[in-house]
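# Per-entry structural report
Residue strings, one per chain:
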Amino acid sequence: MTTTIPTLKLNDGHDIPQLGFGVFKVDPDETERIVSDALAAGYRHIDTAAVYGNEVGVGRAIAASGVPREELFITTKLWNSDQGTQSAFDAIDLSLDKLGLDSVNLYLIHWPRPDLDRYLETWLAMEQIRDDGKATSIGVSNFHIPHLDTIIAGSSTVPAVDQLELHPTFQQRELRAFGAEHGIAIESWGPLGQGKYDLLGMPAITRIAAAHGVTPAQVVIRWHLQSGIIVFPKSNSAERMRENFDVFGFELTADELAAIDALDAGNRVGSNPETATF
Ligand code: NAD
């Protein structure tokens with residue numbers, strides 16, 4: 001595999017590969033095989049989370065791959081029930097143990113859970129985790145502007161990323177503008193709409209796919225990349241993994257990007273961070 005994945009520079013000076021592989025809902029018993037397939041396809045950026053229950057499989061695939069650690073970018077996330085100071089310290093140790101790693105490249109607070117009112121305290125613990133060398137970069141996920149404002153005002157670290165539900169019918173423009181203003185890179189979760197609506201059958205997408213001789217999924221991934229967003233589609237199938245990785249041989253035109261931009265419709269398919277209580 002000779003493809004060079006573009007990287008983005010995070011606000012702490014570290015580089016992140018813009019395209020990766022996500023493992024939400026990947027069966028823990030199948031994770032080692034699936035992540036091994038992803039690494040064989042060329043992916044070097046893996047996005048997991050403690051709550052996915054599959055960090056052990058991710059770690060086994062990394063160990064078996066022979067890919068040097070410095071070539072990999074590994075993200076995991078602190079689950080909601082581990083928010084707090086000591087519980088965050090314990091959670092990162094457990095995640096590292098499961099992954100078989102000394103440190104992750106990126107550690108995220110998975111959801112703000114504003115009802116718990118512990119995300120600022122947790123963010124201060126994340127700073128300590130970074131300073132202890134257990135995470136190279138720290139960031140958040142599902143944080144809205146008030147949550148970001150709170151941690152920026154209450155700490156000395158602007159999060160390196162905010163990982164958000166983001167796909168063509170839910171484009172998060174306000175949060176992306178806030179991120180651009182504050183140097184927070186945006187990561188898309190559910191970049192293909194999680195298969196929850198017929199994104200890949202929308203005429204605006206299929207027309208562009210036909211024009212380039214590529215698949216609708218490749219068009220959508222390309223839209224994320226050309227929009228400056230970090231993206232890690234998930235698939236259990238080695239064939240689709242390769243398809244989703246093979247997105248560097250064509251480029252969307254400004255008109256095509258605008259046609260996809262015009263699909264924005266406030267169509268959230270996942271939980272609302274303001275009200276989620278899991
Ligand atoms: P996704 O948008 O990547 O969609 C995955 C679905 O698309 C699967 O059903 C898959 O079969 C299908 N698919 C993949 N490639 C395809 C292709 N080429 N053609 C047709 N269908 C294809 O959804 P996701 O997995 O939820 O999101 C990606 C990653 O984001 C996750 O794996 C996880 O790492 C992360 N995530 C984070 C959060 C969070 O709260 N931070 C929430 C959900 C997901």
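Look a little higher up for the structure.
The rules we used
Residues numbered from 1 in each chain as written. Predicted model: local features only at pLDDT ≥ 70, side-chain atom pairs only at ≥ 80, totals over all residues. Heavy atoms only, no water. Helix = DSSP H or I, 4+ residues; strand = E, 2+ residues; numbered from the N terminus. Rg over C-alpha atoms; globule rule 2.2 N^0.38 Å. Contact = heavy atoms within 4.5 Å. Areas by Shrake-Rupley, 256 points an atom, 1.4 Å probe, with all protein chains shown as cover. Lys, Arg positive; Asp, Glu negative; His and termini not counted. Charge placed at Lys NZ, Arg CZ, Asp CG, Glu CD. Buried < 20%, exposed > 50% of the residue type's maximum accessible area, 1.4 Å probe, protein only. Pairing = 2+ DSSP bridges. Right-handed = clockwise from strand over helix to strand, strands pointing away. Core = buried A, V, L, I, M, F, W, Y, C linked by side-chain atoms within 4.5 Å. Phe/Tyr/Trp six-rings, centres within 6.5 Å; stacked < 30°, edge-to-face > 60°.

What follows covers the overall build of the chain. Within the chain one finds 10 helices and 10 strands. For 278 residues, the compact-globule estimate of 2.2 N^0.38 gives 19 Å, and the chain sits close to it at 18 Å. If you take every contact in the chain between residues at least 6 apart in sequence, the share linking residues at least 24 apart comes to 74%. Within the structure as shown, the chain displays about 11,500 Å² of accessible surface, and the carbon and sulfur contribution to it stands at 49%. When the 21 basic and 38 acidic side-chain charges of the chain are each reduced to a single mean position, those positions are 4 Å apart.

Let us now look at the pairing of strand S5 (residues 73-78). In terms of residue burial, S5 counts as a mostly covered element, since 6 of its 6 residues are buried. Bridge analysis of strand S4 (residues 45-47) against S5 gives 3 bridges, and the strand direction is parallel. Within the sheet, the bridge partner assigned to His 45 lies in S5 and is Phe 73. The parallel pair S4 and S5 is bridged by helix H2 (residues 55-65), and the resulting crossover is right-handed. Of the pairings in the sheet, the one linking S5 to strand S6 (residues 104-109) comprises 4 bridges and is parallel in character. Counted as the bridge partner of Thr 76 is Tyr 107 from S6.

With that settled, the discussion passes to the environment of Asp 261. Along the chain, the position of Asp 261 falls in helix H10 (residues 254-261). Looking at Asp 261, the relative accessible area reads 28%, which means it is partly exposed. Contacts of Asp 261, omitting those with residues within four sequence positions, involve Gln 171, Arg 173 and Trp 223.

So, about the nonpolar core. In this structure, Leu 19 and Tyr 107 are the most contacted members of the largest nonpolar core, which totals 72 residues. At 6 residues, the largest contribution of residues to this core is made by helix H8 (residues 216-226). Excluding residues within four positions of it along the chain, Tyr 107 makes contact with Thr 76, Lys 77, Leu 78, Ala 88, Ala 91, Ile 92, Met 126, Ile 129, Ala 135, Ser 137, Ile 138 and Gly 139. Membership of the second largest hydrophobic core comes to 10 residues, among which are Phe 73, Leu 108, Ala 160 and Val 161.

So, on to the sheet that holds strand S8 (residues 161-165). Reading across the sheet, the 8 strands line up as S3-S4-S5-S6-S7-S8-S9-S10 and stay open at both edges, with parallel pairing between neighbours. The sheet terminates laterally at strand S3 (21-22) and strand S10 (230-231), the two strands that pair on one side only.

Time to look at the packing of aromatic side chains. To describe a pair of aromatic rings, one takes the distance between the centres and the angle between the planes. Scanning all chains against the criterion turns up 7 aromatic pairs. For the ring pair Tyr 43 and Phe 245, a centre distance of 4.7 Å and an interplane angle of 55 degrees mean the geometry is tilted. Separated by 202 residues along the polypeptide, Tyr 43 in the loop between helix H1 (31-41) and S4 and Phe 245 in helix H9 (residues 238-245) bring together distant segments of the chain. Like Tyr 43, the residue Phe 245 is buried in the burial classification. For the ring pair Trp 79 and Phe 278, a centre distance of 5.8 Å and an interplane angle of 10 degrees mean the geometry is stacked. Of this pair, Trp 79 sits in the loop between S5 and helix H3 (86-99) while Phe 278 sits in the segment after H10; the two residues are 199 residues apart in sequence, bridging distant segments of the chain. Trp 79 gets classed as buried once you look at its relative accessible area, which sits at 18%. Accessibility expressed as a relative area gives 39% for Phe 278, which makes it partly exposed.

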